[in-house]
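Residue strings, one per chain:
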Amino acid sequence: NEIELFEILGSDGYSLGKLGDFFRFQQRPILYKNFIYHDTLGPEQRKEYLFFVNQVGHTFILPIKIFSDKKFRSVAFNDYLLDGFTYGILLFVAVLSLFFFLSSRYYLYLYYGLYILTAIAWFLSYFGLGYQYIWGNYPFLNTAMAPVMASLNILLNLKICQILIKIPKSKRVLGQLMTFIKYSLLALTVFPLIINLNNHGYGLNHLYLIAFLFTILLSMIIVLYSVINHALKGNIAAKLYLIASILKAGSIINLALLELGVTPALDNMEGLLQIGIFIEIALLTFALALRYSSFKAGTFVKVIEAHENERARISKEIHDGISSSLTGINYGIKNFMRDIGQLPLEKKEHLNKIFDELNKVQLEARSISHNTMPDYIKKSSLTTIVEKYIEELQHKTNHKPEGDFIKINFSANEQQNSFSEVVKLNVFRIVQEILTNVLKHSKANKAEILFSFSKTELMIIAEDDGLGYYHQSGELINKGMGVKNMETRVKLLDGSFEIKSPVYHQKAGQTDDSASHIYLKEFGTMIKIKIPYRDNLLHNKKDYDY
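Below you will find a few notes about this structure. (Residues numbered from 1 in each chain as written. Predicted model: local features only at pLDDT ≥ 70, side-chain atom pairs only at ≥ 80, totals over all residues. Heavy atoms only, no water.)

So, about the side chain of T215. When you line up the elements, T215 lands in helix α6 (residues 202-232). Reaching out from T215, the side chain makes a polar contact with the backbone oxygen of A211 at a distance of 2.7 Å. If sequence neighbours within four positions are ignored, T215 has contacts with I181, S184, L185 and L188. (Helix = DSSP H or I, 4+ residues; strand = E, 2+ residues; numbered from the N terminus. Polar contact = N/O pair within 3.5 Å; in protein donor to acceptor, adjacent residues only side chain to side chain. Contact = heavy atoms within 4.5 Å.)

Right, let's get into the sheet that holds strand β1 (residues 2-9). Read from one edge to the other, the open sheet built from three strands follows the order β2-β1-β3, with strand pairing classed as antiparallel. Each edge of the open sheet carries a strand with a single partner, namely β2 (12-19) and β3 (49-54). Taken pair by pair, the neighbouring strands of this sheet meet at an average axis angle of 20°, ignoring direction. The sheet contact formed by β1 and β2 spans six bridges and is antiparallel. Its bridge partner being in β2, F6 is matched across the sheet by S15. (Pairing = 2+ DSSP bridges. Axes fitted to C-alpha atoms, helices over the stretch in contact; angles between N-to-C directions.)

To continue, consider the packing of aromatic side chains. Under the criterion given, the structure shown has 17 aromatic pairs. With centroids separated by 6.0 Å and ring planes inclined at 65°, the aromatic side chains of Y106 and Y109 adopt a geometry described as edge-to-face. Seen from their ring centres, Y208 and F212 are 6.2 Å apart, and the 15° between their planes marks the pair as stacked. With Y208 and F212 both in helix α6, this residue pair falls four residues apart, about one helical turn. One aromatic cluster in this structure is built from Y32, F67, F72, Y80 and Y133. (Phe/Tyr/Trp six-rings, centres within 6.5 Å; stacked < 30°, edge-to-face > 60°.)

The periodicity of an α-helix, 3.6 residues per turn, causes residues three or four places apart in sequence to face the same way. Between the first and last C-alpha of helix α4 (residues 139-164) there are 38 Å, a value that for 26 residues agrees with the 38 Å anticipated at 1.5 Å per step. At M145, α4 shows its maximal bend, which comes to roughly 40°, and the proline P147 appears one to four places after that position. The element α4 is extensively covered by neighbouring structure, given that 23 of its 26 residues are classed as buried. With its phi angle positive at about 60°, K166 sits one or two positions after the end of α4. (Expected span 1.5 Å × (residues − 1). Bend = angle between axes of the 7 residues up to and from the residue. Buried < 20%, exposed > 50% of the residue type's maximum accessible area, 1.4 Å probe, protein only.)

Okay, the nonpolar core next. Ranked by internal contacts, the top residues of the largest apolar core, which has 70 residues, are Y112, Y115, I116, W122, L185 and I281. It is helix α2 (residues 107-126) that contributes the most residues to this core, 13 residues altogether. The residues contacting Y112, other than those within four sequence positions of it, are V93, S97, I160, I281, L284, T285 and L288. Counting residues in each nonpolar core, the second largest holds 32 residues, with V423, F453, I460 and F497 among its members. (Core = buried A, V, L, I, M, F, W, Y, C linked by side-chain atoms within 4.5 Å.)

Another aspect to go through is α6. Taking 1.5 Å of rise per residue, 31 residues should cover 45 Å, and α6 covers 44 Å from first to last C-alpha, within 8% of that figure. Directly beyond the C-terminal end of α6, a positive phi value near 95° is found at G234.

Here's what the structure looks like:
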């Protein structure tokens, strides 16, 4: 709070100035984040000094270093350069994270950005830079900012930990304990902003310090316990979080024990904390990137679920509404014809045409209803579902005009795995999309679907002899929504997706370094999909984004 250096001159003492948190920063004779005094010492000269120190309620540590003017300028330059580099990068990551929040509305990025900003403010206040550059005219703030920002930072640390490794805040003792500590940290944040600790003595200052340090220690222990526990269960985010937390959490625990007078001071506490937060931010950013991928996948799954629910609703409406109404109209016209007796041949033929059109519409309505949400998905195996769908599709194409007929072959070995309903539905939609593209766009004469079940995965190969997709240098460059939807569904099933269109091979006798290449078309399009036997589609995943 207050420090004064006296130079002893005989029996008197000469003051070299007062420094400390009770005085404005601009009153310092040398504007530096640490307490600096300047004095001149000639050759063979000896001087004695006395310190007056006022530090109420806190552990007092006074490492003394003596520099020549030249050496001090070099040390100060390097020190501020490192600070500028460190806090500049942290500020950049914080702003970037906040931009991610604005674009995604994913609250984890908001908490992460604020976490970095409070860490910057905490370090600035604890190591003197905040007083030098931000609130130098407000000694009250310099006393309050370190515990305020530390409390907010640890609170956000707990919140990020809860979300990143998915600890429900209302379930289990750990989640409830985290919630209690967060409220305690909030109270510790508000207290020094309401009560000016500079105006109080040892009792209140020390009591606040003990409460603050005990809460910080408990918070760090809970964070480390949580991430170790979840890391041992194989949680990737928890493993990254554990590595990220070790150095910083260790430094904070040491800092707390130091303030309590339990452990000795480290030589370069500021540097260790800066290195610790650098490592933590790098690993946490990577962990958040993984989490965001999961969040995006979860969002897409919700869209898929909404689509499937809408399909089911439309299917029910068509079946129960339109199809039933058409049936009623059909019977109504037949009864009407019986009542009016014989009709002229011309009108009878006209009515028969109406009946034919009505029957076609009725069959089409049933077909749309059935294709929208086939009733055999829940009851049948995956191969049976695809077989029935292709059979119905083949029946439709048989009634097309001559030249439009396409032969669809389906083959599968013995199924090795029983998929859940949600996985079956997504695989069915992938096959449905493949065949829809073939029928609509390929102008193919034949198509083949192969299901190969191995011990670890299902491989789907789809081939046709149609026109193929527009490509350049063998790479697909024009992806429609159908292809993108297939890729996304496969990704959600932790599978791989590969498409070649068309597939070429070199003519015999041609070499890779020939001036011109002659290629022969083998077939239009080949799609290869691999889906592992892991029922981990995100219907079982819960994103905690509170």
